[in-house]
Amino acid sequence: MKLDWARKYAVSVQPVAAPYDWICVRRMLQEHAAEVTQWLDHESIIDLNPELRRELKDPSGTYRNEGATVLLARFNGLCTGMVVLKRRDSDTGELGRLYVRPSGQKSGADRLLLEAALATAYDRGIRRIVLDRTTAPSTAVMSLLESAGYPEAASTKGPDGRVRLILDRVRTGSSEK
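Residues numbered from 1 in each chain as written. Predicted model: local features only at pLDDT ≥ 70, side-chain atom pairs only at ≥ 80, totals over all residues. Heavy atoms only, no water.

**With respect to the nonpolar core**
Now for step 1: Counting residues in hydrophobic clusters, the biggest one holds 25 residues, and the most contacted among them are Leu-95 and Ile-129.
Now for step 2: Listed by contribution, the elements that provide at least two residues to this core are strand E1 (11–15), strand E2 (69–75), strand E3 (78–87), strand E4 (92–100), helix H6 (109–123), strand E5 (128–133) and helix H7 (139–147).
Now for step 3: The dominant element in this core, judged by the number of residues it contributes, is H6, at eight residues.
Now for step 4: Formed by 17 residues, the second largest nonpolar core is a distinct cluster that contains Val-16, Val-25, Tyr-63 and Cys-79. (Core = buried A, V, L, I, M, F, W, Y, C linked by side-chain atoms within 4.5 Å. Buried < 20%, exposed > 50% of the residue type's maximum accessible area, 1.4 Å probe, protein only. Helix = DSSP H or I, 4+ residues; strand = E, 2+ residues; numbered from the N terminus.)

What follows is the structure, encoded as structure tokens:
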């Protein structure tokens with residue numbers, strides 16, 4: 001994927017491959033859980049989300065068993081962000097755990113992770129993406145989606161209280177596919 005602004009900041013995104021990558025993923029999951037716990041006024045997100053507890057215990061095993069793809073962003077060679085893509089059914093996928101460390105924020109890593117995940121989804125025949133969240137989407141998430149061409153992502157609340165953002169047409173880059 002060619003993104004000139006990403007080269008400016010030395011950001012790259014690749015699927016997790018090496019054992020060291022899984023160590024980075026676990027650490028970022030821990031950091032993300034700690035941040036979300038702060039947002040929830042110290043109610044532990046790990047207690048609210050058993051799926052996250054499982055992922056923290058064994059990210060490699062959990063994601064491989066689910067057939068998920070984990071993409072890892074590096075900023076100047078250091079692990080700085082991640083996103084997980086899972087297939088829900090033949091044409092629906094789920095994006096989750098989009099996280100960029102504070103040191104990589106404003107590097108474009110979030111946008112590059114989102115676009116790489118959408119391109120991977122499109123290549124696999126996924127045409128609809130669900131972002132399943134424990135909390136309502138932040139302004140930053142909505143701005144990121146808007147900048148990627150999804151200004152009106154549909155938002156629904158499930159019976160379990162989780163917020164689901166629906167991207168009905170997977171796009172790659174600036175063109176609709």
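**What about the environment of Pro-102?**
Now for step 1: By secondary structure assignment, the location of Pro-102 is in the loop between E4 and H6.
Now for step 2: Considering only alpha carbons, one finds Pro-102 and Gly-81, 21 residues apart in sequence, at a separation of 9.4 Å.

**Quick notes on the confidence of the model for the protein chain**
Interpretation of this model should avoid reading the predicted coordinates in detail wherever pLDDT is low.
Now for step 1: Averaged over every residue, the pLDDT of the protein chain is 79; the share at 70 or more is 71%.
Now for step 2: By mean pLDDT, the top-scoring element of the protein chain is E2 (94), and the lowest-scoring one is strand E9 (residues 175–176) (44). (pLDDT = per-residue confidence, 0-100.)

**Some details on the side chain of Lys-86**
Now for step 1: Positionally, Lys-86 belongs in strand E3.
Now for step 2: Polar contacts involving the side chain of Lys-86 include one to the side chain of Glu-66, which spans 3.1 Å.
Now for step 3: The contact partners of Lys-86, leaving out residues within four places of it in the chain, are Glu-51, Glu-55, Tyr-63, Glu-66, Ala-68, Gly-93 and Glu-94. (Polar contact = N/O pair within 3.5 Å; in protein donor to acceptor, adjacent residues only side chain to side chain. Contact = heavy atoms within 4.5 Å.)

**Some details on the environment of Val-16**
Now for step 1: Mapped onto the elements, Val-16 comes out in the loop between E1 and helix H2 (19–39).
Now for step 2: Expressed as a C-alpha distance, the spacing of Val-16 and Leu-72, which sit 56 residues apart in the sequence, is 6.0 Å.
Now for step 3: When residues no more than four places from it in sequence are discounted, the contact partners of Val-16 are Asp-21, Trp-22, Val-25, Val-70 and Leu-72.

**Concerning the pairing of E3**
Now for step 1: Counting buried residues along E3, eight of its 10 residues qualify, which places the element largely inside the surrounding structure.
Now for step 2: Inspection of the sheet shows E2 paired to E3 by seven bridges, in the antiparallel sense. Counterpart to Leu-71 in the pairing with E3 is Val-83.
Now for step 3: Hairpin remark: E2 followed by E3, antiparallel, with two residues in the connecting loop; positive phi at Asn-76, about 50°.
Now for step 4: Judged from the six bridges that link them, E3 and E4 form a sheet pairing that is antiparallel. Across the sheet, the residue bridging to Val-84 is Gly-96, located in E4.
Now for step 5: Count of turn residues in the E3/E4 antiparallel hairpin: four residues. (Pairing = 2+ DSSP bridges.)

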